[in-house]
Structure formats: C-alpha cells, structure tokens
Amino acid sequence: MSISIDRNRCTGCGACNRVCPGNLLALDAEGRAKSRSPRDCWGCTACLKACRFGAIAYFLGADMGGRGTTLSVASTETEHAWTFTRADGGTRTIVIDRRTANNY
Amino acid sequence: MERIVIDTDVLIIGGGTAGCFAARTLGAREDLRVTVVDKAAIERSGCLAAGVNAINAYITRGRTPEFYADYAMDDANGIARYDLLISMSERLNRCAEALEDEGLVFLKDAEGRYAERGTRNVKINGENIKPLLARAARRQPNVRVVERVNVTDLLVAGNRVYGACGFGVEDGAAYVLRARAVIVATGGAAGLYRPNNPGFSRHKMWYAPFNTGAGYAMGIRAGAEMTSFEMRFIALRCKDTIAPTGTIAQGAHAKQVNAAGEVYETAYGLRTSERVWGTVEENRAGRGPCYLRTRGIGAAAEEDLYRAYLNMAPAQTLKWVEAGAGPDARDVEIEGTEPYVVGGHTASGYWVDVHRATTVAGLFAAGDVAGGAPQKYVTGALAEGEIAAESAAAFLDAHPAGAVPAAVEDQAEAIVAGYAAHLGVTTSRAPVVTEQVEEAMQKVMDEYAGGISTGYRYNARQLERADEEIRSLAPLVDRLRARTPFELLAIYELRERLTVCRVLIAHMAARKETRWHAFAERTDYPEARPEFEAYVNSRLEDGDIRIVLRDLVGKGECLEHLDR
Ligand SMILES: Cc1cc2nc3c(=O)[nH]c(=O)nc-3n(C[C@H](O)[C@H](O)[C@H](O)COP(=O)(O)OP(=O)(O)OC[C@H]3O[C@@H](n4cnc5c(N)ncnc54)[C@H](O)[C@@H]3O)c2cc1C
Ligand code: SF4
Ligand code: SF4
C-alpha cells in the first residue's frame, strides 16, 4: 500500500508534508513532494485529501491485491469525489456528500 | 543539538482522540497553560487518520451505562475494571453529543434521534472526525499545540512527574517540556509482531502503525504500574486490506462462514476473542478460507458499503473495484491481524484509579494507553480524556507550584545527550540498521510469542526463548545511528516496541491459563483457572519486571490511589 506523486502536478506547496500522521512526506531538492519511506505508508489518504492539485494517487501493493488501479480524490468543503483509474484507463467516480452519514 | 524549553501547567502527550478532548476540556480552565505535544500534525494523527465508521460505544435507547459495562466485563471474561467502565459509560452519550456540536454528521431517525446500529452503536459520517477534534483543541486560547515532536521519556523524580523530553521530527531540535501535571494519551502499540503483509505493504495494518507504544514505554521506564498486557488485541479484519469488518457484520448482518458456507461463529462463541479464535480453528481444521457472507446483498447495499469504506478505509473499496467484484458478487474473506497492545479494545495499559491517575503522582492516562477499561472506542477515549483533564486540574489546585528537584535537570541532560549520540557520526560501517532489528523483533514475537504463524498459540518454553531474544536485541539499539531526525524517530520507535515486548512477554508468562482464546492462547494451560481471576500487573524495578496479581475490583468497589 502506498502513494505515488505526480511530479508534474506537484507545486511543492507542502500541504501533504504537514498532514501525514507518519511524517513520511518531505520536499526533495527540487521542491517536489517525496515519500521518505513508501513501505511505511498506512494508506490513510490524508495526503490525497490535503493536496489541492490532485498530485497524489493511492494504490494497493501487489502483495495485497493491487493490479494497477489507482485512487485519487478531489475534495471540497461539501464533497469528496473519489476516482478509480484502472490499468486499462477505465475510470469510475464515486461522489460522497460530506454532510450525509453512512447508511451502515 | 538546538534546545527548546517549554514551560506549561498541563502537558498532554499525544494530540489524538483522548488528547484533543482533554485539551478541549481544559479550555474551561483559563488560569492554566496547557500544551499538547504530538509526534505528527494533529489534523490527522493517530487512529482516526482515515476516519471511523461508527460511534461504537453508545448507550442506546432503553439501555443503561451498566448494560455497557456488563457487556465489556463479559467480553473480557471478567478481567476488567468495573469502576473504570462505569465512569466511562456514564459519559459516552455526552461525548457523542460533543462530537455533534463540533460538526460531526450523525444519521438521524424520523424523530431526530441518533440512528442506532445494534445495541451499542450509532451511525455517523466519521471521515473528518480528527480534523474536527484538532480544531476543538486549537480553538482554546490557553492551549498551545506543539507538533512533530516525538516524546521519548517522562521526567520523574521521587515518583512525581515534572514533564517530558522529545525531539523534533522535522527540525531536529531537542525539546524539554516542563510541566506540573502530565496526561499521557499516546495510544496503543502496533508493529510488535510480524504483520499480515510483511513486505511492501507492511504498514497496511489495522492499528495505527505510528502508535508505537511510546506512552507505555515511558511509563514503564518511569516505574509506573501496568496492567493486563497479556490481554492482547487481535482484530478480525478483511483479508489483505485489514479494513474493519464491523460495517459488514453489523451493518449488513453478514455471518461468518467457512469455505463450505457453514456458519461457524455460533460454535465458538460470540466474544470478540472467540470470533477470531473460531476463524483460526476453522483454518487449522482445513475448512478455510473464512468469509463474511455478503453474496446477494444487492446493488444498493453494495453501493452503500463502497461509500462507507471510502469514509474510513478506502483501501477496501479500492480492492473491490480493482477486483471487478464487490461484496454483492463475492463474499468478503476475513483473517486475524497480528496482535496489538491496545487498552481501548482490551484492558492493557497503565494501572489507573477511577480518576485516571497512574501510580506516578501528577501523571494521568487516557484512551488506548490506559488499562482496565476495554471497549472504549472513540467515545470512551473522549470520556477518559475528559476525566483525566478534570483530574489533572484538580491535582494542580491541590498541589501549588513548588521547587523542581535538581535530579530532573540532570535527567533531561542525559536524555538529550542520548539523542545526540545516535545522530553522531559512526567511525566504522555499522552492520546493523534499525530496520533489521525491527524485523528481528517481529520475527521473534511471531514465532515464540504467539503471532500469526503459530495461530496465536504459545507455551512457557517459547516465551522463555522470546524473552531471551528480545533482551539480546535491546543493546543493539544504543549502537544504531541516524543521519536525519526521521531516522532518529525510527530508532526511538524501535526502542519503545522492544520495551513493550519485554513487558508483554512477562505478562503472558505470568498468566498460566487460557482466559481468552486467541488473545492469550496457551498450549500448556488450555483452560481458564480460578486462581487467575485477578489482574496481572507489573512494574519495572531495578531493571527487572516485577509481576503482582491484584484482586478484582468488583461491582460497587472503586479504586483510588490514596497516596495522591
Ligand atoms: C483503523 C481504526 C478504525 C477504528 N474505527 C472505529 C470506529 O469506527 N468507531 C469507534 O468508536 N472506534 C474506532 N476505532 C477505535 C478508536 O479510534 C480508538 O480507540 C481511539 O481513537 C483511541 O484514541 P487515543 O487517543 O487513545 O489514540 P489516538 O487517537 O491514536 O492518539 C494517539 C496520539 O498520540 C500521538 N503519539 C504517539 N506516540 C507519540 C509520541 N511518542 N510523542 C508524541 N505523540 C505521540 C499520535 O500521533 C496520536 O496523535 C478505530 C481504530 C482504528 C485504528
Ligand atoms: S500537497 Fe500536492 S502539490 Fe502540495 S507538495 Fe504535496 S503533492 Fe505537491
Ligand atoms: S496515505 Fe497517509 S500515511 Fe500514506 S503518505 Fe499519505 S498521509 Fe502519509
């Protein structure tokens, strides 16, 4: 389980660095976000939600069933729009209204 | 090393669930300076990072705090503290309402009451629970939040606490935090045993991998009494993603079935530990894999589950989408996790009195780090945070500021020198690195102290081997070197885990019975024994772990550390 950072989208704003509960993210010499230790990611998605530039995607390691699909999220005050992008390019989006509770 | 000294009245170590709520509570005491220190940023630190699924501890309509306490007592097979459970249960609903006041979304029924799930839960959208709690702590004018400072040791002299020391994970500075009272709220300990996914996804575990048992370890070293470490917590979770199963089991009423589709849960019992044990036994008997029977729940229910998991454990929804088959098409495979030491689920942790005072004067404990009160969950951690805050304030009122013994300053010097030593340059190339020692520790615990690979089972001889091996790893830690503060963090996390492992092994060896299947499954004592209807407690004295059995605190009784 880990995250991947799109260096072309990353602006170096540091928001992800400030939110990771494991202090895993840092800015590299070129001012882009980088994980200090990809194997130590808990997969909490805090950094995805914090990144306003959509630069971070999340994937399952192959050891836990990952087969190339990534998950990203666009967050606003009122919703989280989660997008799954499959290895073949197919996508699916689930929008969650943050003001509604789980039915379960 | 740069040195930063902070003076405060109440120091809260760990700005998680209990810590943030303790800070919120102390906001009412404008005369006190309060400092919250956390190893990470409190917006998403600790257990609540991804969100939670439901409020798992709530007194539902027509039920009483006694109902909840009785449930928790039974689930722990009698080894829990009724006084702690009652004082917690009485506050659960007010804590839930406080969460709503802070902005948490609750599902309501037609009459505007919280929608219940089963007999002890209410339904919410728990995705943003941690940012809301962090905001509540920060809002208090008398509360200062110090983030990304890893606390390693308490400052204690004459069995009284005077503060703590830590180092900046980002700035690399040494922090000396002087305080008149301290609340420890660092959560439980993960990463002691080899995890379900030992390779690339090693941190894809259930419990927060960044809660490494620091609070236990600093208390142990300071001579605080600990209880019930041997009551390990093993969670029954979705295979691979280690996502919670309660949503499916309670929300979708899915039963546990074996590979033949037979419902097996009733054959083993419905206690938390028995649900794990049954799954292990079915696998051992060749009837695995085991599942939660979800097939045919329907497209609408599946969609609800996708959403519910995105709000707390997105990996599970990703796994379903990735596989191209959700819970409507396929049953959800389940497995037990590696064991954790977590006082919010079982009873492991500081031996506290009803005011959440530890056995060290001025030191209070709340949440997963505090023992005796299992089934705390979020609202129980909040309740304990509130009680600890009130008790710390009362302690300060009763003990006006006095002189700090000189020994405290020397202690701080020695601790800070320890950080610097790890950051010093090595002369020879070190063959041992932190990660190796961590893996060695996890292997020992897995193989000799009842990890996943032995079906959680162990005997006295294996525990002796575990103890020997863990002791031989401890001296290696002093020689580990760090190039950055982040590497220094890994060294101290390892040190904490090794300390917790030693105490855990001593507790497991002391309870010569099987009181809880899976959680403490002894092959040499497979039954419960009446002489162990007692708490197994411990204290570190002159480098040795002294075990004492303490009498149960029964209904109507109440433990107070009268020497406070
Ligand atoms: C994945 C998961 C899902 C859960 N789901 C639910 C649910 O749906 N419903 C429910 O009611 N309960 C749930 N729980 C249980 C509940 O979240 C916990 O019992 C509760 O949050 C524990 O609170 P705490 O304050 O003890 O620990 P935490 O909230 O984890 O806080 C501990 C804090 O201490 C900090 N810390 C640790 N070490 C140090 C150090 N050395 N120095 C400084 N700071 C440090 C951490 O960064 C963290 O901020 C869940 C738990 C987990 C792990
Ligand atoms: S939050 Fe996004 S843009 Fe900002 S540093 Fe992190 S990855 Fe880059
Ligand atoms: S998913 Fe969570 S643990 Fe992993 S890098 Fe992002 S914030 Fe850190």
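What counts and what doesn't
- Residues numbered from 1 in each chain as written.
- Chains lettered and ligands numbered in written order.
- Predicted model: local features only at pLDDT ≥ 70, side-chain atom pairs only at ≥ 80, totals over all residues.
- Heavy atoms only, no water.
- Axes fitted to C-alpha atoms, helices over the stretch in contact; angles between N-to-C directions.
- Helix = DSSP H or I, 4+ residues; strand = E, 2+ residues; numbered from the N terminus.
- Parallel < 35°, antiparallel > 145°, perpendicular 65-115°, else oblique.
- Left-handed = near helix turned anticlockwise from the far one by under 90°.
- Contact = heavy atoms within 4.5 Å.
- Nonpolar A, V, L, I, M, F, W, Y, C, P; charged D, E, K, R; others polar.
- Near = heavy atom within 4 Å.
- Phe/Tyr/Trp six-rings, centres within 6.5 Å; stacked < 30°, edge-to-face > 60°.
- Buried < 20%, exposed > 50% of the residue type's maximum accessible area, 1.4 Å probe, protein only.
- Lys NZ or Arg CZ within 6 Å of the ring centre and 35° of its normal.
- Pairing = 2+ DSSP bridges.
- Domains from an automatic or database assignment.
- Buried area = accessible area lost by both parts, 1.4 Å probe.
- Salt bridge = Lys/Arg side-chain N within 4 Å of Asp/Glu carboxyl O.
- Polar contact = N/O pair within 3.5 Å; in protein donor to acceptor, adjacent residues only side chain to side chain.
- Core = buried A, V, L, I, M, F, W, Y, C linked by side-chain atoms within 4.5 Å.
- Expected span 1.5 Å × (residues − 1).

## Quick notes on the packing of helix H10 (residues 299–310) of chain B against helix H11 (residues 314–323) of chain B
Residue and element names in this part refer to chain B. Running from N to C, H10 and H11 cross one another at 140°; their axes reach a closest spacing of 6 Å. It follows from the interaxial angle that H10 and H11 lie oblique. As for the relative orientation of H10 and H11, their crossing is left-handed in sense. Judged by residue contacts, Leu305, Tyr306, Tyr309 and Leu310 of H10 engage Pro314, Gln316, Thr317 and Trp320 from H11. Taken together, the residues of the contact of H10 with H11 break down into six nonpolar, two polar and no charged.

## Focus on the site of ligand 2
Around ligand 2, the neighbouring residues are Cys10(A), Thr11(A), Gly12(A), Cys13(A), Gly14(A), Ala15(A), Cys16(A), Ala33(A), Cys51(A), Phe53(A), Ala55(A) and Ile56(A). Its residues assigned to classes, the shell around ligand 2 comprises nine nonpolar, three polar and no charged.

## Quick notes on the packing of aromatic side chains
Residues and elements named next belong to chain B. Applying the stated criterion across every chain, the model contains 20 aromatic pairs over all chains. Ring geometry for Tyr309 against Trp320: centres 5.4 Å apart, planes inclined by 90°, an arrangement best described as edge-to-face. Residue Tyr309 is found in helix H10, and its partner Trp320 is found in helix H11; the two are separated by eleven residues along the sequence. Take Tyr309 and Trp320: they sit in the same class, and that class is buried. Consider the rings of Tyr419 and Tyr492, whose centres lie 5.3 Å apart with planes at 80°: the pair is edge-to-face. Taken together, the positions of Tyr419 in helix H13 (residues 406–423) and Tyr492 in helix H16 (residues 485–510) put the pair 73 residues apart, joining distant regions of the chain. Like Tyr492, Tyr419 is buried. An aromatic cluster is present here, built from Trp206, Tyr207, Phe233, Tyr340 and Phe519 joined pairwise through their rings. For Arg81, the ring lying beneath its charged end belongs to Trp351, and the centroid distance is 4.6 Å.

## So, the pairing of strand E10 (residues 160–168) of chain B
All names here are of chain B. Taking burial as the measure, the nine residues of E10 include eight buried ones, the bulk of the element. Judged from the eight bridges that link them, strand E9 (residues 149–157) and E10 form a sheet pairing that is antiparallel. If you follow Asp153 over to E10, its bridge partner there is Cys165. If you look at the hairpin formed by E9 and E10, you'll find two residues sitting between the two strands, and Gly158 has a positive phi there, around 55°. The pairing of E10 with strand E11 (residues 174–178) spans five bridges and is classified as antiparallel. Following the sheet pairing, Gly163 is matched in E11 by Arg178. Between E10 and the antiparallel strand that follows it, E11, lie five residues; Gly172 among them carries a positive phi value of about 70°.

## Here's the deal with the domain arrangement of chain B
Residues and elements named next belong to chain B. Under the domain assignment used here, chain B contains domain 1 (3–187 + 342–407), domain 2 (236–336) and domain 3 (424–548). Averaged C-alpha coordinates put domain 1 and domain 2 at centres separated by 31 Å. Between domain 1 and domain 2, the residue contacts involve 14 residues of the former and eight residues of the latter. Surface buried jointly by domain 1 and domain 2 totals about 910 Å² across both partners, of which 37% is contributed by carbon and sulfur atoms. Looking only at domain 1, the three residues that lose the most surface to domain 2 are Asn53, Asp75 and Arg117, adding up to 46% of its buried area. If you look at where domain 1 meets domain 2, you find one salt bridge. With its nearest N and O atoms 3.1 Å apart, the salt bridge here joins Arg271 to Asp74. At the surface where domain 1 touches domain 2, the tally comes to four residue pairs in polar contact (both at pLDDT 80 or more).

## Concerning the sheet that holds strand E2 (residues 10–13) of chain B
Residue and element names in this part refer to chain B. Spatial strand order, E8-E3-E2-E12-E19: five strands in an open sheet with parallel pairing. Where the open sheet ends on each side, the last strands, each with one partner, are strand E8 (143–147) and strand E19 (363–365). When the angles between neighbouring strand axes are averaged without regard to direction, this sheet yields 20°. Sheet topology note: the strand E3 (residues 34–38)/E8 ladder contains five bridges and is parallel.

## Structural notes on the interface of chain A and chain B
Residue-level contacts link 51 residues of chain A with 62 residues of chain B. Counting the surface lost from both chain A and chain B, the interface buries some 4,900 Å², and carbon and sulfur atoms represent 57% of this. Summed over the three residues of chain A that lose the most area to chain B, namely Arg39(A), Trp42(A) and Tyr104(A), the buried surface amounts to 22% of that side. The tally of links from chain A across to chain B stands at five salt bridges.

## Quick look at the pattern of salt bridges
All names here are of chain B. Taken as a whole and judged by the stated rule, the model has 61 salt bridges over all chains. With a shortest N-O distance of 3.8 Å, Glu386 and Arg94 are connected by a salt bridge. Pair noted here: Glu386 is in helix H12 (residues 377–398) and Arg94 is in helix H4 (residues 92–101), with a separation of 292 residues, a long-range link. Overall, Glu386 belongs to the buried group, its relative accessible area being 11%. Its salt-bridge partner being Arg529, residue Glu531 comes within 2.9 Å of it at the nearest N-O pair. Of the residues examined, Glu531 reaches a relative accessible area of 44% and is grouped as partly exposed. Classification of Arg529 as partly exposed rests on a relative accessible area of 25%.

## Focus on unusual backbone geometry
All names here are of chain B. In this chain, Gly288 is followed by Pro289 through a cis amide linkage whose omega measures -5°. Tracing the backbone shows Pro289 in the loop between helix H9 (272–284) and strand E16 (290–292). Positive phi outside glycine occurs at Ser228, with the angle close to 55°. Here Ser228 lies in the loop between strand E13 (226–227) and strand E14 (236–238). For Ser228, a relative accessible area of 1% puts it in the buried group. Positive phi, close to 65°, is recorded for Ala518, a residue that is not glycine.

## Notes on the nonpolar core
All names here are of chain B. Leu154, Ile183 and Tyr350 are the most contacted members of the largest nonpolar core, which totals 214 residues. Top contributing element to this core by residue count: H16, with 13 residues. When sequence neighbours within four positions are dropped, the list of residues in contact with Leu154 reads Ile13, Val161, Gly163, Ala164, Val182, Met218, Gly219, Ala222, Tyr350, Leu363 and Gln411.

## Quick notes on H10(B)
Between the first and last C-alpha of H10(B) there are 17 Å, a value that for twelve residues agrees with the 16 Å anticipated at 1.5 Å per step. Contact partners of the buried residues in H10(B): strand E5 (70–75), strand E6 (79–85) and strand E7 (91–97) of chain A together with E14, helix H7 (246–251) and H11 of chain B.

## Details of the side chain of Asn258(B)
All names here are of chain B. For Asn258, the location among the structural elements is in the loop between strand E15 (256–257) and helix H8 (265–268). Given a relative accessible area of 2%, Asn258 falls into the buried group. A polar contact of 2.9 Å, which involves the side chain of Asn258, links it to the side chain of Glu282. Among all residues touching Asn258, those that are not within four sequence positions of it are Tyr264, Glu282, Arg287, Pro289, Cys290 and Tyr291.

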